[in-house]
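Letter by letter, the chains look like this.
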Amino acid sequence: SINSLAIVCAWSVAFTMLKRRSHDAEIVIRHSQTKFLQPARGAIEATAAFPDATSVESFFHKLQRRNMAGLRLAASVASSGVVCAEFEGEFVAVGM
């Protein structure tokens, strides 16, 4: 589904952030919301951006200090170049 694709896209950002710093953690979604703007009428593509450097540093500081940290991430799904869904979620990393 479009919602699943958006979730996996945003989750991949969190996963990649952790792997780049060699942190082992479980990633869960604390809260999420998807807005469906219009039907997908062709091939779909999901995109998500990495958060700014300040947010990333704050996230890793909390993760190291409390063994748990949350981060808000967004993704969008486009069909034929037109955004058809917007996802926003808070992902929580729990150290292992």
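Sequence positions are assigned chain by chain, starting from 1 and proceeding in written order. Local features in this predicted model are restricted to residues of pLDDT 70 or higher, and side-chain atom pairs are both shown and tallied only at a pLDDT of 80 or more, whereas totals for entire chains, interfaces and linings draw on every residue. Here the side-chain values reflect all heavy atoms present in the structure, with hydrogen atoms and water set aside.

### Description of the overall build of the chain
Then comes step 1: Secondary structure is summarised from DSSP: a helix means a run of H or I of at least four residues, a strand means a run of E of at least two, and numbering begins at the N terminus for each. Scanning the chain from N- to C-terminus turns up two helices and four strands.
Then comes step 2: Based on the C-alpha atoms only, the size of the chain along its principal axes is roughly 45 × 20 × 20 Å.
Then comes step 3: Buried, partly exposed and exposed residues are distinguished by accessible area as a fraction of the type maximum, computed with a 1.4 Å probe on protein chains only: under 20%, between the cut-offs, and over 50%, respectively. Burial status across the chain gives 34% buried among its 96 residues.
Then comes step 4: Counting only contacts in the chain whose residues sit at least 6 apart along the sequence, the fraction spanning at least 24 positions is 75%.
Then comes step 5: When the accessible surface of the chain is totalled, it reaches about 5,900 Å², and 52% of it is carbon and sulfur.
Then comes step 6: Taking the 10 positively charged and 8 negatively charged side chains of the chain as two groups, their mean positions are separated by 4 Å. In what follows, a contact means two residues having at least one pair of non-hydrogen atoms within 4.5 Å. Surface accessibility in these figures is a Shrake-Rupley result with a 1.4 Å probe; residues are shielded only by whichever protein chains are displayed. Think of it this way: Lys and Arg go in the positive column, Asp and Glu in the negative one, and His and the chain ends go nowhere. In plain terms, the charge of a residue is placed at NZ if it is Lys, CZ if Arg, CG if Asp and CD if Glu.

### Things to note about the nonpolar core
The nonpolar side chains of a soluble globular protein tend to be buried, and buried together.
Then comes step 1: In this text, buried Ala, Val, Leu, Ile, Met, Phe, Trp, Tyr and Cys residues form a nonpolar core when linked through side-chain atoms within 4.5 Å. One finds Met17, Leu18, Phe59, Phe60, Leu63 and Leu73 to be the most contacted residues of the largest nonpolar core, which totals 24 residues.
Then comes step 2: Among the secondary structure elements, those contributing two or more residues to this core are α1 (2-20), β1 (25-36), α2 (53-66), β3 (68-79) and β4 (82-95).
Then comes step 3: With eight residues, α1 is the largest single contributor of residues to this core.

### Some details on the pattern of salt bridges
Then comes step 1: Throughout this description, the term salt bridge denotes a Lys or Arg side-chain nitrogen within 4 Å of a carboxyl oxygen of Asp or Glu. Considering all chains together, one arrives at four salt bridges under this definition.
Then comes step 2: Note that Arg21 and Glu57 form a salt bridge whose closest N and O atoms lie 2.4 Å from each other. Of this pair, Arg21 sits in the loop between α1 and β1 while Glu57 is found in helix α2, placing the two residues 36 residues apart along the sequence.
Then comes step 3: Here Arg72 makes a salt bridge to Glu88, at a shortest N to O gap of 2.5 Å. Remark: Glu88 occurs in strand β4 and Arg72 occurs in strand β3; sequence separation between them is 16 residues.
Then comes step 4: Under the relative-accessibility criterion, Glu88 is labelled partly exposed at 42%.

### Some words on the state of the cysteines
Then comes step 1: A pair of cysteine sulfur atoms is labelled a disulfide when the two atoms are within 2.5 Å. With the rule as written, the count across this model stands at zero disulfides.
Then comes step 2: No disulfide involves Cys9; its sulfur sits 13 Å from that of Cys84, the nearest cysteine.
Then comes step 3: With relative accessibility at 16%, the residue Cys9 sits in the buried group.

### Focus: the sheet that holds β3
Then comes step 1: Sheet architecture is open: four strands sit in the order β1-β4-β3-β2, paired in antiparallel fashion. Both edges of this open sheet fall to β1 and β2 (44-48), since each of them pairs with a single strand only. Each adjacent strand pair in this sheet contributes to an overall mean axis angle of 25°, direction not counted.
Then comes step 2: The rule for pairing is simple: two strands pair if DSSP sees at least two bridges between them. Sheet topology places β1 next to β4; eleven bridges connect them, and they run antiparallel. Bridged to Ile29 within β4 is Phe91.
Then comes step 3: Sheet contacts for α2: β3 and β4; angle to β3, the most-contacted strand, approximately 140°. All axes here are fitted lines through C-alpha atoms, helices being fitted over the stretch that makes contact, and every angle between N-to-C directions spans 0 to 180 degrees.

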